[in-house]
Amino acid sequence: MRGDDRKHIISVLVENHPGALARIVELFSARGYNIESLNVGQTEDPTISRLTMVAQGDEHIIEQIVKQLRRLVDVFKVRDLTDKKKLDRELLIVRLSADTSEKKNELMRIASVFGAQIVDISQDTYTLELTGDEDQIDAFIELVKPMGIKEMARTGRVAMVRALHGETFS
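This report concerns the structure included in the present document. Keep in mind that what you see is a predicted model, and the values were worked out from it rather than measured. Sequence positions are assigned chain by chain, starting from 1 and proceeding in written order. Given that the model is predicted, a residue must reach a pLDDT of at least 70 before its local features are reported, and side-chain atom pairs must reach 80 or more before they are shown or counted; all residues, however, enter totals for whole chains, interfaces and linings. Side-chain calculation: all heavy atoms of the structure are included, whereas hydrogens and water are not.

Within the secondary structure layout, Asp 83 lies in the loop between β4 (75-80) and β5 (86-97). Relative accessibility thresholds used throughout: buried, under 20% of the residue-type maximum; exposed, over 50%; partly exposed, between the two (1.4 Å probe, protein chains only). Overall, Asp 83 belongs to the exposed group, its relative accessible area being 60%. With 18 residues separating them in the primary sequence, Asp 83 and Ser 101 have C-alpha atoms 45 Å apart. In this description a helix means any DSSP run of H or I spanning at least four residues, a strand means any run of E spanning at least two, and both kinds are numbered starting from the N terminus.

Looking at the element boundaries, Ile 141 is found in helix α4 (residues 134-148). Note on Ile 141: relative accessible area 8%, which makes it buried. In this structure, the C-alpha to C-alpha distance between Ile 141 and Leu 92, residues 49 residues apart in sequence, is 9.1 Å. Apart from the residues within four sequence positions on either side, Ile 141 is in contact with Leu 92, Ile 149, Met 152 and Arg 154. Whether two residues touch is decided by their heavy atoms; if any such pair falls within 4.5 Å, the residues are in contact.

In this analysis, a patch consists of residues with relative accessible area above 30% that form no salt bridge, clustered at 9 Å for like charges and at 5 Å for the nonpolar side chains Val, Leu, Ile, Met, Phe, Trp and Tyr. Every accessible area reported is derived by Shrake-Rupley at a probe size of 1.4 Å, with residue values counting cover from the shown protein chains alone. What makes a salt bridge here is a side-chain nitrogen of Lys or Arg within 4 Å of a carboxyl oxygen of Asp or Glu, nothing more. Together, Leu 21, Val 25, Leu 38 and Val 40 make up an exposed nonpolar region whose accessible area comes to about 270 Å². Of all the secondary-structure elements, those providing two or more residues to the nonpolar patch are α1 (20-30) and β2 (35-42). Along the chain, Val 25 falls in helix α1.

See the structure below:
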């Protein structure tokens, strides 16, 4: 990685039909670009999906990615949100060892501090859910890691531009 490389959040509005996502992933694969995280879901219009991806690169590489995405027939709009005022969140679901009363108490304390929810309990595990920005999720994981992570699922980012002064995606 070069010094001017950084993570970019790219948001894409795309037709919601079979094959659209495959063409986008193929574009990245064919050019040797790496997608660090990828989320796709319907928008308020069921015929359009919002794809949010995180890719690492310098300004030139990201500019090339955006240009290539705009050329795809299924794509309506592409926007690099990295330097925009935006809301971005990730979801983490993590199953942790809770085999002692001390661990259980500590996990409840940490959950309270971070605003995490305990969503499942077994005799020796707690499963927690946390929504936050990347830094908050990373900090939470580092804090609970010594307790014993049994299983973890993390969505990667979803993002949209803040509605400041009427600015929106469209």
